[in-house]
Amino acid sequence: VQLQASGGGLVQAGDSLRLSCAASGRTFGSYAVGWFRQAPGKERVFVAAISWSGASTYYADSHSMKGRFTISRDNAKDTIYLQMSTLKPEDTAIYYCAIREGTYLYTTTESYPWWGQGTLVTVSS
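Residues numbered from 1 in each chain as written. Predicted model: local features only at pLDDT ≥ 70, side-chain atom pairs only at ≥ 80, totals over all residues. Heavy atoms only, no water.

**Q** Sorry, what's going on with unusual backbone geometry here?
**A** Note: most peptide bonds trans; most residues except glycine with negative phi. Despite not being glycine, Asp78 shows a phi value in the positive range, around 50°. Even without a glycine there, the phi angle at Thr86 is positive, about 45°.

Laid out in structure tokens, this is it:
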């Protein structure tokens, strides 16, 4: 499975950005997708996850992210999105998408076998 994350860039605080994650190669009957981020010098942390159908989503229980990020997917295009609004400098990080077979949602990096290369988001103040 190959995952290609895109959509990152340099934006100003308060801007919005939509990240995309395109899956290709071996496909599963169903797979869940997670977005994670890793700020400079910090560990990779969970941001959001979505089930195969899109009916179930889960977000990090973080005051800093809550209400500003929305995960969605278009299975016809094998693409998963992360819409980010009202971006803050602390959102600066490399954003990774990852997938796992099955329908359950997980928040740990160990739960996802396949990872994309990441896309850098830089938010200036």
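**Q** Explain the pattern of salt bridges to me, please; I cannot follow it from the model alone.
**A** Where charged atoms from two side chains of opposite charge approach closely, those side chains can pair. The tally for this structure, following the rule as stated, stands at 3 salt bridges. Of the charged contacts, one joins Arg37 and Asp91 as a salt bridge, the two residues approaching to 2.8 Å between their closest N and O atoms. One end of the pair, Arg37, is in strand β4 (residues 31-38); the other, Asp91, is in the loop between β8 (79-84) and β9 (93-101), and 54 residues separate them in sequence. Across the pair Arg68 and Asp91 runs a salt bridge whose closest N-O atoms are separated by 2.8 Å. Of this pair, Arg68 sits in the loop between β6 (57-59) and β7 (69-74) while Asp91 sits in the loop between β8 and β9, and the two are 23 residues apart along the sequence. Across the pair, exposure class does not vary: Arg68 and Asp91 are buried alike. What you see here is one network of salt bridges that share partners, running through Arg37, Arg68 and Asp91. (Salt bridge = Lys/Arg side-chain N within 4 Å of Asp/Glu carboxyl O. Helix = DSSP H or I, 4+ residues; strand = E, 2+ residues; numbered from the N terminus. Buried < 20%, exposed > 50% of the residue type's maximum accessible area, 1.4 Å probe, protein only.)

**Q** When you look at the sheet that holds strand β3 (residues 17-24) in this model, what are you seeing that I'm missing?
**A** Hydrogen bonding along the main chain pairs the strands of a sheet, whether they run parallel or antiparallel. If you trace the 4 strands from one edge of the open sheet to the other, you get β1-β3-β8-β7, paired in antiparallel fashion. Where the open sheet ends on each side, the last strands, each with one partner, are β1 (2-6) and β7. Here the strands of the sheet are splayed against their neighbours by 15° on average, with no regard to which way each runs. The pairing of β3 with β8 spans 6 bridges and is antiparallel. Paired with Leu17 across the bridge in β8 is Met84. (Pairing = 2+ DSSP bridges. Axes fitted to C-alpha atoms, helices over the stretch in contact; angles between N-to-C directions.)

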